[in-house]
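Coordinate inspection notes
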Amino acid sequence: MTTRLGPPIIEIRNLHKVFRRDEFEVAALEDVTVTVPEGEFLAIMGPSGSGKSTLLNIIAGIDRATSGSVVVAGTDLTVLDERELTKWRGEHVGFVFQFYNLIPVLTAFENVELPLLLTRLSRSERRKHVETALRVVGLDDRMNHLPRQLSGGEEQRVGIARAIVVDPRIILADEPTGDLDQRSATEVLALLKSLNEDFGKTIVMVTHDPRAAACAHRLRVLEKGGMLPEGATLPGLAPAAG
Amino acid sequence: MVIRLAPLVVKNLLRNRLRTALTVASIGFFLFLFTALVSVLAALSDATRLAEKSLNLMVRDRYAFLSSMLPISYLRKVESLPGVRGATPWLLFLGSGRNEGELLAGFGCRGEVLRDTRDEYRAIPEEDWRAFLEDRSGCLMGREPMKAQGWKLGDRVTVRGTADPVDLELTIRGVIEFGMAADNFLCHYDYVNEVTGRRDVMNFIFLQVEDVGSVGSVPARIDAMFDAEAVKTKTEPELAFMTRAISLGANLHVIIYGIAAIVIACAVLVTANSIAMSARERTLEVAVMKTLGFRPPHVVGLVLAESAALSLAGGLVGCVGTFLAVKASGGFSIRIGPQSFFTVEPATVARGIAAAVLIGLAAGAVPAFVQARRSIAATLRSVA
Amino acid sequence: MIPLRYSVRNLLVRKVSTGMTVFGIALVVTILNAVLALASGLEATLATAASPRNVVVLRRGATSAEASALVPETASRVKASRGVALGEGGAPVATEAFLTSVMVSARDGGPERLVIARGVDARAVEVHETVSFSVGSAPRPNGGIALGRAIAAELGGLGVGDSLRFGRREWSVVGVFEADGSAFESEVWTDLRDLMTDSKREHVSAVTFRAAEPARVAEIARETNEDPSLSVKALTETAYFAEQGRTSAQTYRSGMIVAVLMAIGAVFAGMNTMYTAVASRVREIATLRALGFGGRSVLASFVLESVAIGAAGGVLGAMLSAGIFLFVWRNVTILGGGLRQVVVTFRPTLPLLLTGLLFAAAIGALGGLFPARTASRLQVAEALRRT
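The rules behind the values
- Residues numbered from 1 in each chain as written.
- Chains lettered and ligands numbered in written order.
- Predicted model: local features only at pLDDT ≥ 70, side-chain atom pairs only at ≥ 80, totals over all residues.
- Heavy atoms only, no water.
- Helix = DSSP H or I, 4+ residues; strand = E, 2+ residues; numbered from the N terminus.
- Rg over C-alpha atoms; globule rule 2.2 N^0.38 Å.
- Buried < 20%, exposed > 50% of the residue type's maximum accessible area, 1.4 Å probe, protein only.
- Contact = heavy atoms within 4.5 Å.
- Areas by Shrake-Rupley, 256 points an atom, 1.4 Å probe, with all protein chains shown as cover.
- Phe/Tyr/Trp six-rings, centres within 6.5 Å; stacked < 30°, edge-to-face > 60°.
- Axes fitted to C-alpha atoms, helices over the stretch in contact; angles between N-to-C directions.
- Left-handed = near helix turned anticlockwise from the far one by under 90°.
- Nonpolar A, V, L, I, M, F, W, Y, C, P; charged D, E, K, R; others polar.
- Buried area = accessible area lost by both parts, 1.4 Å probe.
- Polar contact = N/O pair within 3.5 Å; in protein donor to acceptor, adjacent residues only side chain to side chain.

When its secondary structure is counted, chain C shows 13 helices and twelve strands. Relative to the 2.2 N^0.38 estimate, which gives 21 Å for 387 residues, the radius of gyration of chain C is 29 Å and therefore markedly larger than a compact globule would have. When the backbone C-alpha atoms are referred to their principal axes, chain C occupies close to 95 × 50 × 30 Å. Here chain C, with 387 residues, has 57% of them falling under the buried criterion. Partitioning the contacts of chain C with sequence separation of at least 6, the portion at a separation of at least 24 is 78%. Summed over its atoms, the accessible surface of chain C is roughly 15200 Å², and 60% of this surface lies on carbon and sulfur atoms.

Below, the structure written as structure tokens:
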């Protein structure tokens, strides 16, 4: 399957990220360089502690680089301040978490509506977008359920609906199937693939599930904060599909 | 067993220092209030207790209170009773000082009786006493009015009457630093009586008896003496009268008890809330402990101990706080009789601490039992 | 910007904790409402006694009628002065009164009460417009007294024909009067001469008259006050009773101190609850931040939640107060305005309950402020990683 890839939408160059833990400095990411063309489905794998989530957070603007250049969707994230980053994030990125992170006291509909509350859309317009998003993930009949009334797989799909409701160009998924059973995982991955192929969304997915990685176009591997060269992989991780 | 578990209790409390601190602070405020309120009540009841030891009595019109009016002839009869060391008439003169609206109250009395029977007047130097006793229109002026009016020792001043349509011209012969009349002035009964038109009445008689035994017998004898007269008397310990005068201002006891009850209720709520929150976070731990062999009574004990420790800490903070506050404000006094200083008695502090412990136990009771009875399996299931 | 329902629904999650905090705040509010009700009740009781057309004349320098003495000539001159309204037959609408405080005991032997006895003349009822006799008649010479409704009830339901002992003799009740619920209803009225004789006084306490021109009552009071030939203290009856109410300021202040101290305790407790709420929702907060809600939205959301708790406590407190004041504890007798015991009715009015509500909301806001700040300052990446 050949998807038409556009110009680079994510450009990371010489990225360093250092954490302070009390008196100790931990280098989470060391000299990471990676480019993602628009429309690609990229999987990032690596053992725990390798910095995968950190990389994702920096791309999303949730975390800041210590040094290096981060250009996403044409914007240099390193020069934006907290407020600008937040605003940018709301418009350009959809984030899918491992533990779904739905607000327990809000219904599926209300959870998906959350990002839209930051926009100027009217109530009816918001409703339209939410219903569309829920339809895409196949949950429009469960709109008024609370998270605790949904299964794990359904919760994650609500999470995905929330991620796409602002129609972002990029979807970042941090271990989206990590907490799911076989069947739900398959459904979720199929959904992500569809979002990539049918809707042209660029997807960067962090995972340590080889089957999930198999859905992606390309695989990069992180080890101890450093990104291994293209094509290289670690034992135990399956090679990417072509 | 309790001793061995104590470090665990302390560690649990220190786990969330902010929560512990806030709870202790909250309880501290409530118990500060509680201690203060109880102290007020104690001061009032102490005064009545003290009265039993005091040798000072007072005589008033049986059917009047503050507006009591007795014929001056009664004084001689009271004076001459065996067991009475000294008696003075007491006639109120209400007036104002230089500026209208400034209340200045004074009493016409027999100065020498006061000097001989009351400690607070012995502080006045001998020469001043002599000058006062020799000057018919002399007076002893309280420190406060002197400051307020800008008067000095030796001044000849005018007190403009309000309740009586006459003025008093007095020469200040001495200064009253403290005691019953520190906010007022004292002058000679004969002088006031004459200026106000020789009505030959007095409001009260203040007397002192020879010994404690007489305190019981003299009042009955005095009252019996005038039982057949038009104006009957009531003789009682001075402090009893003063205490009644204060408590006339509202059903003080009921109000204070009511507020104290509410304060305690709030303290219990706060402690219970804090313990409940901690308990919720530690259900897994407790289940694990149960698998290790801790039985329900142990769990109950732990929770109760933690709860009591919290409220005890709060109680200490509150009581100490009251103590310091009273010291800082110079131990403000309730004017009942000869200056009754409002201090926080050890008994009150003890009561406050006891209340604190009870609060803790009450607050922890329900969470303790709930935790003790939870089944291990249910807990492990719910957390997984 | 974070929807309101987020805050509100979270309140319902931890019902026990929220409930206890709400109840605690409700108790604090009840105390505040009691203090306010007492203060406003006393004020109202005293204020209603005043007729807006009347002027009260006391001895120069007197602070209250109970401690004032006017010589007969002065009293007569006041009554004849220009500002006094004239009634039937050209007689001045003015009344002399002699006030003294007396102790009376209830019929059933309850505690003795300190009551104002007011010796009045024939024109008293005319001048004091609010007074009307529901039972019996005005005081009569030779021991005929009239009781205010409140004091008659407090003394065990005394009525016409009963006798009461105070001063030097027994008195006989010939009437019971109402006065709009004002302080007069806590008074015992006797014949003027009777009381003066009993107290061995030859001076009256005060003269109250109706102003000739009601619209100019304040000026007439001032003119009388400044009249050098009279040398008295004159003020409008409204101003007089307002002044009397001020002596209850100390009780009010003590009550407020108690309420504030309790409020501080409640704020700490509220902080506790909110800090726990924040701690248990770290992941949610991080998610909201990640989704694009700024620190300020998070702050507002948590403060709102805390205010909601406070408001709930305020509403509960209002209901408790209203319930107590209307059904359980209607009156209290306090020492107000000089040497008198006044029966004050707790009035849980709407403005008062609203004040309590605002107070409670403020407690909530203060309690939630710091925890909300902590929530708003959450480092998103850190929080997401931690969970």
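Residue and element names in this part refer to chain B. Evaluation of the coordinates by the stated rule reveals 13 aromatic pairs over all chains. Taken together, a centroid distance of 6.3 Å and an interplanar angle of 65° make the contact between Phe204 and Phe206 edge-to-face. Owing to a relative accessible area of 9%, Phe204 belongs among the buried residues under this scheme. Its relative accessible area of 5% is what places Phe206 among the buried residues.

Our focus in this paragraph is helix α2 (residues 82-92) of chain A. Buried within α2 of chain A are the following residues: Leu85, Thr86, Trp88, Arg89 and Gly90 of chain A. Looking at the buried positions of α2 of chain A, the neighbouring elements they touch are α1 (52-60), β4 (67-72), β5 (75-76) and β6 (93-96) of chain A together with α10 (282-291) of chain C.

This next bit is on the packing of helix α2 (residues 15-49) of chain C against helix α12 (residues 350-376) of chain C. Residues and elements named next belong to chain C. Their axes nearest at 9 Å, the elements α2 and α12 cross at an angle of 145°. In the crossing of α2 with α12, the sense of the turn from one axis to the other is right-handed. Together, Ile25, Val28, Val29, Leu32, Asn33, Leu36, Ala37 and Ser40 of α2 and Leu352, Leu353, Thr355, Gly356, Phe359, Ala360 and Ile363 of α12 make up the contact between the two elements. Its residues assigned to classes, the contact of α2 with α12 shows eleven nonpolar, four polar and no charged.

Time to look at the interface of chain C and chain B. The extent of an interface is frequently quoted as the accessible surface area lost upon association of the parts. The partner chain B presents 54 residues to the 52 residues of chain C that form the contact. Summing both partners gives a buried area of about 4500 Å² for chain C against chain B, and 66% of it is carried by carbon and sulfur. Counting the surface chain C buries against chain B, the share from its top three residues, Met20, Arg168 and Asn272 of chain C, is 13%. The interface formed by chain C and chain B contains eleven residue pairs in polar contact (both at pLDDT 80 or more). Put simply, the parts of the chain that give the side of chain C that touches chain B at least two residues each are α2, β2 (94-104), β6 (163-166), α9 (249-280) and β11 (331-335) of chain C. With 13 residues, α9 of chain C is the largest single contributor of residues to the side of chain C that touches chain B. A per-class count over the side of chain C that touches chain B returns 27 nonpolar, 17 polar and eight charged.

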